[in-house]
Amino acid sequence: MIKNFKGKTAVLTGAGSGFGLECARIGAKLGMNLVLVDVQQEALDKAAAEFEGQGVRVLARRVDVSDAAQMQALADEVRQQFGAPHFVFNNAGVGAGGLVWENTLEDWQWVLGVNLWGVIHGVRLFTPMMLEAAKADPSFEGHIVNTASMAGLLAPPNMGIYNVSKHAVVSLTETLYQDLALVSDQISASVLCPFFVPTGISHSERNRPSHLAAQPLTASQKIGQAMSEKAVGSGKVTAPDVAQKVFDAIAANQFYIYSHPQALGSVQTRMEDVVQGRNPTDPFAHKPELGASLKASLRAA
């Protein structure tokens, strides 16, 4: 149960937009030191200027979270300037759609690199620093929040590569929570599983590294992108709403964080499929017209 955030240090990846930026804004209001990490220099500069203008102590670094060397350099600099961070938000993420066999090797490398390896690097580099600080100081409190997705608890069709990355983040974070509980009462973890929230993730392709060749989108990828943009764009829950839920969860030591608890009915159905050994339920059972439209579009492609 963490109540005091003032003067504490938070590392936030994906801090230039979406949940990362909104969590940083709450952190700034609470008097925290902010380590802002993003791959988009312009967005990063804008965020840094916003917080420095409020008198916040800021370290802003352009980092590709999938790159182990860049993340190591970041961790070293954080330790040097602030010591161990109290909070780590492994939030950077990219979206991708399409039939699972149509994703290229470059697609897999890019999406898993950011969505999974970015979280792995954040966990493996910062957790030992936090544990070391906790051992030295009985009053040290820390929390790690990894951003997954409802796609980490479900398996919606035509977005397999994204599902795989997010299921891995859920599993990693559940294990992290259990592992931390074995060795410390001062540090814990949460997993954020947002549903459709307007954050800019549906335009992720702009951040694909130049060394990973961008192939022309397949028909299924175009269909997936259009569906994602429509669903995300119509979302009523905002990124600031979700950021507040994150801080409330940290304060309450709540592990699972949902932007749309009403979507848990689908998770329950999936779990019942698993427990009962039945074939996966049609994900469009509650909206058959949507499933029929997707099927028709893919078969006509």
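Here the residue numbering is sequential within each chain, running from 1 through the sequence in written order. Local features in this predicted model are restricted to residues of pLDDT 70 or higher, and side-chain atom pairs are both shown and tallied only at a pLDDT of 80 or more, whereas totals for entire chains, interfaces and linings draw on every residue. With hydrogens and water stripped out, all remaining heavy atoms of the structure feed into the side-chain values.

Remarks on the packing of aromatic side chains
Ring pairs shown here join Phe, Tyr and Trp side chains whose ring centres sit within 6.5 Å, with only the six-membered ring taken for Trp; geometry is labelled stacked below 30 degrees between planes, edge-to-face above 60, and tilted in between. Under the defined criterion, the tally for this structure stands at 6 aromatic pairs. Look at Phe255 and Tyr256: their rings are 4.6 Å apart centre to centre, the planes differ by 90°, and that puts the pair in the edge-to-face class. Each residue is placed in one exposure class: buried if its accessible area under a 1.4 Å probe, protein chains only, is under 20% of its type's maximum, exposed if it is over 50%, and partly exposed if it falls in between. Taking the relative accessible area as the measure of exposure, Phe255 reaches 11% and is therefore buried. On the basis of relative accessibility, which here comes to 33%, the residue Tyr256 falls in the partly exposed class. Members of the aromatic cluster, joined through ring pairs, are Phe5, Phe87, Phe89 and Phe247.

Regarding the environment of Gly98
The secondary structure listing takes helices from DSSP runs of H or I that are at least 4 residues long and strands from runs of E that are at least 2 residues long, numbered from the N terminus. Its place among the elements puts Gly98 in the loop between strand 4 (87-90) and helix 4 (105-136). In this structure the C-alpha to C-alpha distance between Gly98 and Ile161, which are 63 residues apart in sequence, comes to 8.1 Å. Here, residues are in contact when the closest pair of their heavy atoms is within 4.5 Å. When near neighbours in sequence (up to four residues on either side) are disregarded, Gly98 contacts Asn103, Asn158, Met159, Gly160, Ser220 and Gln221.

Thoughts on the nonpolar core
Ranked by size, the top nonpolar core spans 46 residues in total, and within it Val35, Leu74, Val78, Phe126, Met150, Leu153 and Cys193 carry the most contacts. Taken together, the elements giving at least two residues each to this core come down to strand 2 (33-38), helix 3 (68-82), helix 4, helix 5 (160-183) and strand 6 (187-193). It is helix 4 that contributes the most residues to this core, 12 residues altogether. Aside from chain neighbours lying at most four places away, what touches Val35 is Thr9, Ala10, Val11, Leu12, Leu59, Leu74, Val78 and Phe82. By convention a nonpolar core is built from buried Ala, Val, Leu, Ile, Met, Phe, Trp, Tyr and Cys residues, the set being connected through side-chain atoms within 4.5 Å.

Brief notes about the side chain of Asn163
In this structure, Asn163 sits in helix 5. Beyond its immediate stretch of four places on either side in the chain, Asn163 contacts Ala151, Ala155 and Pro156.

Some thoughts on empty space enclosed by the protein
A cavity here means a set of 1 Å grid points, computed over protein atoms only, where a 1.4 Å probe fits but cannot escape. A pocket is an open set with protein on both sides within 12 Å along at least 5 of 7 lines, and lining residues have an atom within 4 Å of a point. Grid points are joined across faces, edges and corners, and a volume is the space filled by probe spheres set on the points. By the definition in use, this model includes 1 cavity of 30 Å³ or more. Listing elements by their share of the lining of the largest cavity, those giving two or more residues are helix 1 (18-29), strand 4 and strand 5 (142-147). For the lining of the largest cavity, the leading source of residues is helix 1, giving 3 residues. Note on residue classes: Ala, Val, Leu, Ile, Met, Phe, Trp, Tyr, Cys and Pro are nonpolar, Asp, Glu, Lys and Arg are charged, and everything else, Gly too, is polar. Split into classes, the residues belonging to the lining of the largest cavity amount to 6 nonpolar, 4 polar and no charged.

A look at the pairing of strand 3 (residues 58-62)
Note on strand geometry: in a regular strand, side chains alternate between the two faces of the sheet. Two strands make a pair as long as DSSP finds a minimum of two bridges between them. As judged from the 5 bridges shared by strand 2 and strand 3, these two strands associate in the parallel manner. The residue bridging Val35 from the neighbouring strand is Leu59, located in strand 3. Here the term right-handed applies to a crossover when the path leading from its first strand over the helix to its second strand runs clockwise, the strands being oriented away from the viewer. After leaving strand 2, the chain enters helix 2 (residues 41-52) and then returns to the sheet as strand 3, a path that is right-handed.

Points about helix 1
Each turn of an α-helix holds 3.6 residues, which means side chains three or four residues apart point in the same direction. Between the first and last residue of a helix there are one fewer steps than residues, each counted as 1.5 Å, and that sum is the expected span. The terminal C-alpha atoms of helix 1 lie 17 Å apart, and with 12 residues this matches the ideal 16 Å at 1.5 Å per residue to within 8%. Within helix 1, 10 of the 12 residues are buried, which leaves it mostly tucked inside the rest of the structure. Buried within helix 1 we find Gly18, Phe19, Gly20, Leu21, Glu22, Cys23, Ala24, Ile26, Gly27 and Ala28. Positioned one or two residues after helix 1, Gly31 has a phi angle of 80°, which is positive.

Considerations on unusual backbone geometry
Phi angles above zero are rare outside glycine, and Asn158 is one such case at about 65°. With respect to the helices and strands, Asn158 occurs in the loop between strand 5 and helix 5. By relative accessible area, Asn158 is classed as buried at 9%. Even without a glycine there, the phi angle at Asn253 is positive, about 55°. The residue Asn253 is located in the loop between helix 7 (239-252) and strand 7 (256-258) in this model. What makes Asn253 partly exposed here is its relative accessible area of 33%.

As for the pairing of strand 4
Across the two faces of strand 4 the burial is the same, with Phe87 and Phe89 and Val88 and Asn90 all buried. Since strand 4 and strand 5 lie parallel, the crossover through helix 4 that links them has a hand, and here it is right-handed.

Notes on the sheet that holds strand 6
Strand order in the open sheet formed by 7 strands is 3-2-1-4-5-6-7, and the pairing between neighbours is parallel. In this open sheet, the two edge strands, each paired with only one partner strand, are strand 3 and strand 7. With strand direction ignored, the average angle separating the axes of adjacent strands in the sheet is 15°. Bridge count for strand 1 (residues 9-13) against strand 2 is 5 bridges, and the pairing is parallel. Paired with Thr13 across the two strands is Val37, which belongs to strand 2. The angle between two axes is taken between their N-to-C directions and runs from 0 to 180 degrees, where each axis is a line fitted to C-alpha atoms and a helix contributes only its stretch in contact. Across the sheet, helix 3 lies against strand 1, strand 2 and strand 3, angled at about 170° from strand 3, the strand it touches most.

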